[in-house]
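Descriptive analysis of the structure
Spelled out from the first residue to the last, the chains are:
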Amino acid sequence: MELLKIDLNCIKNTYKKRPCDSNKGTHGHALLIAGSSNKMGAAIIASKACLRSGVGLLTVAFYPENKSVLFNSIPEAMYANSCVMNDLSPYQAIGIGPGIGVDEISLQYIYQLYENKLPVVFDADALNLIANYKIDWNNFNFPFVLTPHPKEFDRLFGEHDSESERRSIAIQKAAALNCVIVLKGHKTFITDGIHTFENTTGNSGLAKGGSGDALTGMITSFLAQGYTTLEATKLGVYLHGLAADITLETQSEESMLITDVIENIGLAFKHLNSKIQ
Ligand SMILES: NC(=O)C1=CN([C@@H]2O[C@H](COP(=O)(O)OP(=O)(O)OC[C@H]3O[C@@H](n4cnc5c(N)ncnc54)[C@H](O)[C@@H]3O)[C@@H](O)[C@H]2O)[C@@H](O)CC1
Ligand SMILES: Nc1ncnc2c1ncn2[C@@H]1O[C@H](COP(=O)(O)OP(=O)(O)O)[C@@H](O)[C@H]1O
Ligand SMILES: [Mg+2]
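Residues numbered from 1 in each chain as written. Chains lettered and ligands numbered in written order. Predicted model: local features only at pLDDT ≥ 70, side-chain atom pairs only at ≥ 80, totals over all residues. Heavy atoms only, no water.

**Structural notes on the layout of surface pockets**
Put simply, the largest pocket is a space of about 680 Å³. Secondary-structure elements contributing two or more residues to the lining of the largest pocket are helix H5 (124-132), helix H6 (150-157), helix H8 (211-224) and helix H9 (229-247). It is H8 that provides the largest number of residues to the lining of the largest pocket, a total of four residues. Looking at side-chain class alone, the lining of the largest pocket contains six nonpolar, 17 polar and eight charged residues. (1 Å grid on protein atoms, 1.4 Å probe; cavity = no way out; pocket = protein on both sides within 12 Å on 5 of 7 lines; lining within 4 Å. Points joined across faces, edges and corners; volume = space filled by probe spheres on them. Helix = DSSP H or I, 4+ residues; strand = E, 2+ residues; numbered from the N terminus. Nonpolar A, V, L, I, M, F, W, Y, C, P; charged D, E, K, R; others polar.)

This is the structure we're talking about:
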């Protein structure tokens, strides 16, 4: 199977310019299920990255006691009480997992998705819940993306000794589960079981807590805007890495924070737009 590079040429063919007569409804409404009392940072990071990636509306679902944390840091986002999150009709895409924890309460979020038809990004603790509670993949009758780092990948699909072993299992699993798998790392690998891609952007400034949470927000944003699971993951992974590379102009790989990277998503879009006629 040919390994295609996710570079500017590839992304130029994926990215659709924003129409000048659009409105917030045109760009979709994303639902992020993220954060818990000790990990509200994960929800804030994912939300900011989601909004910076062009979504029309964003609702974040988590425990009610943390409501003010969201409103104080992201006034653009709306809030849904995660305990009564049974009406998914307002949304176009769902991202679930960053910082939600792996207890029985968080498990309910996974159960609530069973009847859903919207595309879903499963990340972080959502992946750990699927692994810990041996959730049957047949419950997921909707398009979905898995975004594991190597440790999460091994929790889901068994221990592997090398990255090449993980890549070949990822291809098999993506084909069998009819999903897209994003195996994160230095050169993030993406597969839908038919095609394989390797990202060319990003640097070790991203090797810090919260970087993956931002990626989940970005991919969810692109799904809500109508990109397919494969397009949304390619765009998200490429722009996430490009924003980190642009951040090297003002920060080092050591000093870079994921919040700096999120602030540069705009420059990453500008760079991409400047290359498109
Ligand atoms: N500010 C926050 O609230 C943060 C919340 N986070 C959340 O905390 C929860 C736990 O996630 P973690 O990922 O930290 O914990 P995990 O225990 O799942 O994984 C952490 C370990 O995975 C390994 N790993 C990661 N990437 C690797 C790579 N490319 N190659 C080899 N090994 C690799 C490393 O050994 C690392 O210590 C998640 O829900 C996550 O979303 C984290 O994202 C950190 C920031
Ligand atoms: N050395 C590196 N070079 C390029 N990208 C990296 C590097 N290390 C980590 N990343 C990227 O940073 C993100 C880390 O995600 P993850 O491990 O889920 O972090 P967290 O859960 O703390 O948010 C992934 O997108 C990964 O590809
Ligand atoms: Mg993560």
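**A word on the sheet that holds strand E3 (residues 57-62)**
The strand order across the open sheet formed by 10 strands is E1-E10-E9-E8-E7-E6-E5-E2-E3-E4, and the pairing between neighbours is mixed. With one partner strand each, in any of the chains shown, strand E1 (3-6) and strand E4 (78-81) form the two edges of the open sheet. Within the sheet, the average angular offset between the axes of one strand and its neighbour, ignoring direction, is 20 degrees. Summarising the sheet, strand E2 (residues 29-33) and E3 pair through five bridges and their orientation is parallel. Following the sheet pairing, Leu31 is matched in E3 by Thr59. The sheet contacts of H6 involve strand E7 (144-146) and strand E8 (180-183), and relative to E8 the element is tilted by about 135 degrees. (Pairing = 2+ DSSP bridges. Axes fitted to C-alpha atoms, helices over the stretch in contact; angles between N-to-C directions. Contact = heavy atoms within 4.5 Å.)

**Some thoughts on H8**
Counted at 1.5 Å a residue, the expected span for H8 with its 14 residues is 20 Å, and the 20 Å between its end C-alpha atoms agrees. Buried residues dominate H8, accounting for 13 of its 14 residues. A positive phi of about 105 degrees marks Gly226, the residue just after H8. (Expected span 1.5 Å × (residues − 1). Buried < 20%, exposed > 50% of the residue type's maximum accessible area, 1.4 Å probe, protein only.)

**Let's talk about the pattern of salt bridges**
Tallied over the full model, the rule gives seven salt bridges. Between Glu263 and Arg52 there is a salt bridge, and its shortest N-O distance comes to 2.9 Å. Here Glu263, found in helix H10 (residues 258-263), pairs with Arg52, found in helix H2 (residues 40-52); they are 211 residues apart in sequence, far enough to count as distant. Taking relative accessible area as the criterion, Glu263 reaches 43% and is therefore assigned partly exposed. In this structure, Asp123 engages Lys184 in a salt bridge whose closest nitrogen and oxygen atoms are separated by 3.2 Å. Placement of the pair is Asp123 in the loop between strand E6 (120-122) and H5 and Lys184 in the loop between E8 and strand E9 (189-191), with a sequence separation of 61 residues. Overall, Asp123 belongs to the buried group, its relative accessible area being 1%. (Salt bridge = Lys/Arg side-chain N within 4 Å of Asp/Glu carboxyl O.)

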